[in-house]
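Fold and geometry: a report
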Amino acid sequence: MKQRRGIIVFTTLCVMTLFFSNSLPALPEKPFDYPSARLAALGGRHGTLVNDFTALFTNPAGFVEAQEGFSAAELSLSVYGPVFDIADSLVNYLGGGPLDISGIVGPGGLATGLNLSGPLAFGWVGRGLGFGLFNRTVADAATLGATINVQATEEFLMTGGYSFRIINKGPSLLDAGFLGKGFVRGQLPLSASILTVTDLFSGNPLDTQPFTTVLGVGVDLGVLYQFAKTLSLSLVYHDAYSPVLVVPYTSALSFLTGGAASGSGTYNTVKSSLDAGIAYSPRFAFLDRYVSRLTLMADYRDILDLWALIPRNPVLNVGIGLEVVVLDALSLRAGISDALPALGFGIDFSIMQLDFAMRGVELGLDPGIQTTYAVDVGLLFRY
């Protein structure tokens, strides 16, 4: 009876999200993109990767299968663009020189940014349930002529979901799940000349620049099929229906002090993403003594983008990942995303986990149009 109620709820959610997602225009509000050095090294998120706390961001159907895990805190940093050139400019500035980035702005301009999660990363996954409370700080910068524009964002996300087993017959397992979420986002735009970048922070930008809040709720839906614990198939609808309310303020200080909004709120939706994935986890008797797990994953992300007015090249939406876990302590990872390679590793110190990744990033709509690289580092306190 409990399983039947779960199937009815899941089916109802699917129908409702399909109806509402077609009733509102798909506007380009960005989703809560939680940085993960592990996923970065594996070529991005994979709907079949649900063996731990990661299931909260990959596939809500995995809460049944995920090993019980508690997250106490986390610090994960992802930076992209000419990171080392910018670091040299900062070192020169701290040494008393000017902060001039004009020398690293190429013919195609400059695009760089960071995505920092934590320290708030509290949650639990297991026994068919998953919940969490997170924060992240984002700063994206891009040049337009001789001007650099920065979008600074602070976000808080609360999630909670449930999954259930539909089929448990012999080697076949079929799970389905949903994840509800609510978030609040504050956005602060800044701009300055590339010759005087320090003007970005001149005066008091919290009191002089317009500020926007984004309040939203949403739901993710997922299905996961497993055969003999070796072959897995997934279908995940991220932000199947995630409406948001956008409210402008004259400044961040006005918002923080309880001032009135400078305009009426407008309704948008977060961009949906329908992803399909497959994974294969072979077992080799001669490796079992040292290799705890070997998994090969492949996903096609954002299937709906194929029907967009201006779609990305389909090759860029393919993600491939390989993870080899040695002695339950060292993880070696490789992947392909945006048609570019990724490499990384993870070390489990029992009280803390360290993850690192380096990868290519394609910011354009076709391979090789605006290629850069990214570095990801994560300190995870999960037990």
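Structure first, text after, so check above.
Calculation rules
- Residues numbered from 1 in each chain as written.
- Predicted model: local features only at pLDDT ≥ 70, side-chain atom pairs only at ≥ 80, totals over all residues.
- Heavy atoms only, no water.
- Helix = DSSP H or I, 4+ residues; strand = E, 2+ residues; numbered from the N terminus.
- Buried < 20%, exposed > 50% of the residue type's maximum accessible area, 1.4 Å probe, protein only.
- Contact = heavy atoms within 4.5 Å.
- Core = buried A, V, L, I, M, F, W, Y, C linked by side-chain atoms within 4.5 Å.
- Patch = residues over 30% accessible without salt bridge, like charges linked within 9 Å, V, L, I, M, F, W, Y side chains within 5 Å.
- Areas by Shrake-Rupley, 256 points an atom, 1.4 Å probe, with all protein chains shown as cover.
- Salt bridge = Lys/Arg side-chain N within 4 Å of Asp/Glu carboxyl O.
- Polar contact = N/O pair within 3.5 Å; in protein donor to acceptor, adjacent residues only side chain to side chain.
- Phe/Tyr/Trp six-rings, centres within 6.5 Å; stacked < 30°, edge-to-face > 60°.

The helix and strand tally for the protein chain stands at six helices and 16 strands. A burial count over the protein chain gives 43% of its 383 residues as buried. Excluding contacts between residues fewer than 6 apart, the proportion of contacts in the protein chain whose partners are at least 24 apart in sequence is 65%.

What follows covers the nonpolar core. Among the nonpolar cores identified, the biggest contains 21 residues, and Leu56 and Phe134 are the most heavily contacted of them. Elements with a minimum of two residues in this core: α3 (55–58), β2 (111–126), β5 (172–193), β6 (211–227) and β8 (243–249). Here this core gets three residues from one element, more than from any other, and that element is α3. Ignoring sequence-local partners within four residues, the contact set of phenylalanine 134 consists of Phe32, Tyr34, Phe53, Leu56, Phe57, Leu120, Ala121, Glu155, Phe156, Leu157 and Thr159.

A contiguous nonpolar surface patch, about 720 Å² in accessible area, is contributed by Phe227, Leu231, Leu233, Ile278, Tyr280, Leu296, Ile320, Leu322 and Ile336. Contributing elements (two or more residues each) for the nonpolar patch: β7 (231–238), β10 (273–280) and β12 (318–326). Structurally, isoleucine 320 is set in strand β12. For isoleucine 320, a relative accessible area of 34% corresponds to the partly exposed category.

The next thing to look at is the environment of arginine 38. Mapped onto the fold, arginine 38 is located in helix α2 (residues 37–41). Those residues in contact with arginine 38 that lie beyond four places of it in its chain are Leu49, Asn51, Asp52, Thr54, Arg293, Glu323, Arg333 and Asp355. At 3.3 Å, the side chain of arginine 38 and the side chain of threonine 54 are in polar contact.

Along the polypeptide, valine 50 turns up in the loop between α2 and α3. Expressed as a C-alpha distance, the spacing of valine 50 and alanine 66, which sit 16 residues apart in the sequence, is 5.6 Å.

The step from glycine 118 to proline 119 runs through a cis peptide bond, and the omega angle for that step is 10°. With respect to the helices, strands and loops of the structure, proline 119 is situated in strand β2.

Within this structure, the stated rule accounts for 20 salt bridges. Two residues, arginine 333 and aspartate 355, come together in a salt bridge whose shortest N-O distance is 3.0 Å. One end of the pair, arginine 333, is in strand β13 (residues 330–337); the other, aspartate 355, is in strand β15 (residues 353–362), with 22 residues separating them in the sequence. Here the two residues arginine 333 and aspartate 355 agree in accessibility, since each one is buried. Counted as one network, the salt bridges with shared partners bring together Arg38, Asp52, Arg293, Glu323, Arg333 and Asp355.

Assignment of secondary structure puts serine 172 in strand β5. When near neighbours in sequence (up to four residues on either side) are disregarded, serine 172 contacts Ile167, Tyr225, Gln226 and Phe227.

Another aspect to go through is the packing of aromatic side chains. Across all of its chains, the model carries twelve aromatic pairs by this definition. Ring geometry for tyrosine 34 and phenylalanine 134: centres 5.1 Å apart, planes at 65°, overall edge-to-face. Of the two residues, tyrosine 34 sits in the loop between α1 (2–23) and α2 while phenylalanine 134 sits in strand β3 (residues 129–144), which places them 100 residues apart along the sequence. Assigned by exposure class, tyrosine 34 and phenylalanine 134 land together as buried. Ring geometry for phenylalanine 122 versus phenylalanine 131: centroids 6.5 Å apart, planes at 50°, classification tilted.

On their own, these measurements won't tell you what the molecule is for.
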